[in-house]
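One-letter residues, chain by chain:
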Amino acid sequence: MRRFIAFLLIVPLFISSCSKAETPESLYSNGMYIEAIALADSILSNSLDYEALYYKAASYFSLKVRGEAEEAATLYLLLDSDGEFRNEALYIIFLTGSDDKSIKAGEELRMTAGLSHSSLVRLCFLYAYNDMDTEFSRLYREIRGGLTDEENAFLLIAEGRDLSMIFMALDSLLEDGIDPSDELLEAAEKRFNEKGQLDLFQ
């Protein structure tokens, strides 16, 4: 928070010192994310510049300021839905948006640009977590062969219907000499407790 307060105070000084050659893209590419946001805001205050809007979203994303990144990316897609940075804006929303927005963005990306393995796992997890059983089952069958034991365990725990499958997934980790993480064990314990079968887990 202090960093952004300071950022607001130095924006006028920064804008006045920018050379004409500097753009939000060049600043972003050099890791100058706060400066890229400042310049993008200056440009957007005078005209609707889709590229500046995208690099504002990308800069916030790189700074891990999720809300502002998602807001700017959503606005970009509303104004320039088929623009140059469409897929990049969708990916920002996929990683920062609410579950329903993330799922919609992930499905659009999967249809038009494809998703990496880790992104497919995330989409499958979102299906499971939001009780979208048909979508989960279809995607899980598709990616099952490429899952690590830990990814498989996380997905089965998120889906949560079959406790025996969760047991088997955890056993597979132990057989491979992998100690389940505390996060994984806590998630499994929560599922067993929800089913009234906590005594089986302990």
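Residues numbered from 1 in each chain as written. Predicted model: local features only at pLDDT ≥ 70, side-chain atom pairs only at ≥ 80, totals over all residues. Heavy atoms only, no water.

Undergrad: Explain the nonpolar core to me, using residue names and the numbers behind them.
TA: Within the largest apolar cluster, 48 residues are counted, with the highest numbers of intra-cluster contacts made by Ile143, Leu155 and Ile166. Among the elements that line this core, the one with the most residues is helix H8 (residues 117-129), at 7 residues. (Core = buried A, V, L, I, M, F, W, Y, C linked by side-chain atoms within 4.5 Å. Buried < 20%, exposed > 50% of the residue type's maximum accessible area, 1.4 Å probe, protein only. Helix = DSSP H or I, 4+ residues; strand = E, 2+ residues; numbered from the N terminus.)

Undergrad: Can you tell me about the packing of aromatic side chains, naming the residues and giving the values?
TA: On inspection of all chains with the given rule, the structure shows 10 aromatic pairs. For the pair tyrosine 28 and tyrosine 33, a centre-to-centre distance of 5.5 Å together with 55° between the ring planes defines the contact as tilted. Note on tyrosine 28: relative accessible area 24%, which makes it partly exposed. Pairing phenylalanine 125 with tyrosine 129 gives two aromatic rings, centres 5.9 Å apart and planes at 15°, and the pair type is stacked. (Phe/Tyr/Trp six-rings, centres within 6.5 Å; stacked < 30°, edge-to-face > 60°.)

Undergrad: Summarise the environment of arginine 191; cite the residues concerned and give the values.
TA: Its place among the elements puts arginine 191 in helix H12 (residues 182-194). Separated by 28 residues in sequence, arginine 191 and leucine 163 have C-alpha atoms that sit 8.1 Å apart. Leave out the neighbours within four places in its chain, and arginine 191 touches Ile157, Ala158, Glu159, Gly160, Leu163 and Ile166. (Contact = heavy atoms within 4.5 Å.)

Undergrad: Tell me what's going on with unusual backbone geometry, and back it up with residues and numbers.
TA: In the Ramachandran plot, lysine 64 falls in the positive-phi region, its phi being about 65° despite a non-glycine side chain. Tracing the sequence through the fold places lysine 64 in the loop between helix H4 (50-62) and helix H5 (66-79). Its relative accessible area of 71% is what places lysine 64 among the exposed residues. Positive phi, close to 60°, is recorded for aspartate 131, a residue that is not glycine. Structurally, aspartate 131 is set in the loop between H8 and helix H9 (133-143). A relative accessible area of 61% means that aspartate 131 is categorised as exposed.

Undergrad: How would you sum up a nonpolar patch on the surface? Please name residues and give values.
TA: Judged by side-chain polarity, Leu48, Tyr50, Leu75, Leu78 and Leu79 come together as a nonpolar surface patch covering roughly 470 Å² of accessible area. Looking at the nonpolar patch, the element that brings in the most residues is H5, giving 3 residues. Looking at tyrosine 50, the relative accessible area reads 31%, which means it is partly exposed. (Patch = residues over 30% accessible without salt bridge, like charges linked within 9 Å, V, L, I, M, F, W, Y side chains within 5 Å. Areas by Shrake-Rupley, 256 points an atom, 1.4 Å probe, with all protein chains shown as cover. Salt bridge = Lys/Arg side-chain N within 4 Å of Asp/Glu carboxyl O.)

Undergrad: Give a detailed account of a negative patch on the surface, specifying residues and quantitative values.
TA: Together, Glu150, Asp182, Glu183, Glu186 and Glu189 give the surface a local cluster of negative charge. With 4 residues, the top contributor of residues to the negative patch is H12. As for its placement among the helices and strands, aspartate 182 is situated in helix H12. With a relative accessible area of 58%, aspartate 182 lands in the exposed category. (Lys, Arg positive; Asp, Glu negative; His and termini not counted. Charge placed at Lys NZ, Arg CZ, Asp CG, Glu CD.)

Undergrad: Provide a residue-level description of helix H6 (residues 86-96), including the pertinent values.
TA: Among the residues of H6, those classed as buried are Arg86, Ala89, Leu90, Ile92, Ile93, Phe94 and Thr96. Against the buried residues of H6 lie H4, H5, helix H7 (99-112) and H8.

Undergrad: Break down H9 for me, citing the residues and quoting the values.
TA: Phe136, Leu139, Tyr140 and Ile143 are the residues of H9 that are buried. The buried side chains of H9 occupy one side of the element, clustering within an arc of 105° when seen end-on. The outward face of H9, more than 90 degrees from its buried face, is lined by the exposed residues Thr134 and Arg141. Check the buried side of H9 and you find it contacts H7, H8 and helix H10 (149-159). (Arc of directions from axis to C-beta.)

Undergrad: Just give me the short version of the side chain of serine 59, but keep the residues and values in it.
TA: Considering the arrangement of structural elements, one finds serine 59 in helix H4. Within the structure, the side chain of serine 59 is placed 2.7 Å from the backbone oxygen of tyrosine 55, a separation counted as a polar contact. Apart from the residues lying within four places of it in its own chain, the contact partners of serine 59 are Tyr28, Tyr33, Ala36 and Ile37. (Polar contact = N/O pair within 3.5 Å; in protein donor to acceptor, adjacent residues only side chain to side chain.)

Undergrad: Lay out the pattern of salt bridges in plain terms, naming residues and giving numbers.
TA: Counted under the stated rule, the structure contains 4 salt bridges. In this structure, the salt-bridge partner of aspartate 41 is lysine 56, at a minimum N-O distance of 2.8 Å. With aspartate 41 in helix H3 (residues 33-44) and lysine 56 in helix H4, this pair connects stretches of sequence that are 15 residues apart. What makes aspartate 41 partly exposed here is its relative accessible area of 30%. Taking the relative accessible area as the measure of exposure, lysine 56 reaches 18% and is therefore buried. One salt bridge in this structure joins arginine 86 and glutamate 108, with 3.0 Å as the shortest N-O distance. On the criterion of sequence distance, the pair formed by arginine 86 in helix H6 and glutamate 108 in helix H7 is long-range, its members being 22 residues apart. Classification of glutamate 108 by relative accessible area gives partly exposed; the value is 26%.

All we've got here are geometric facts, nothing functional implied.
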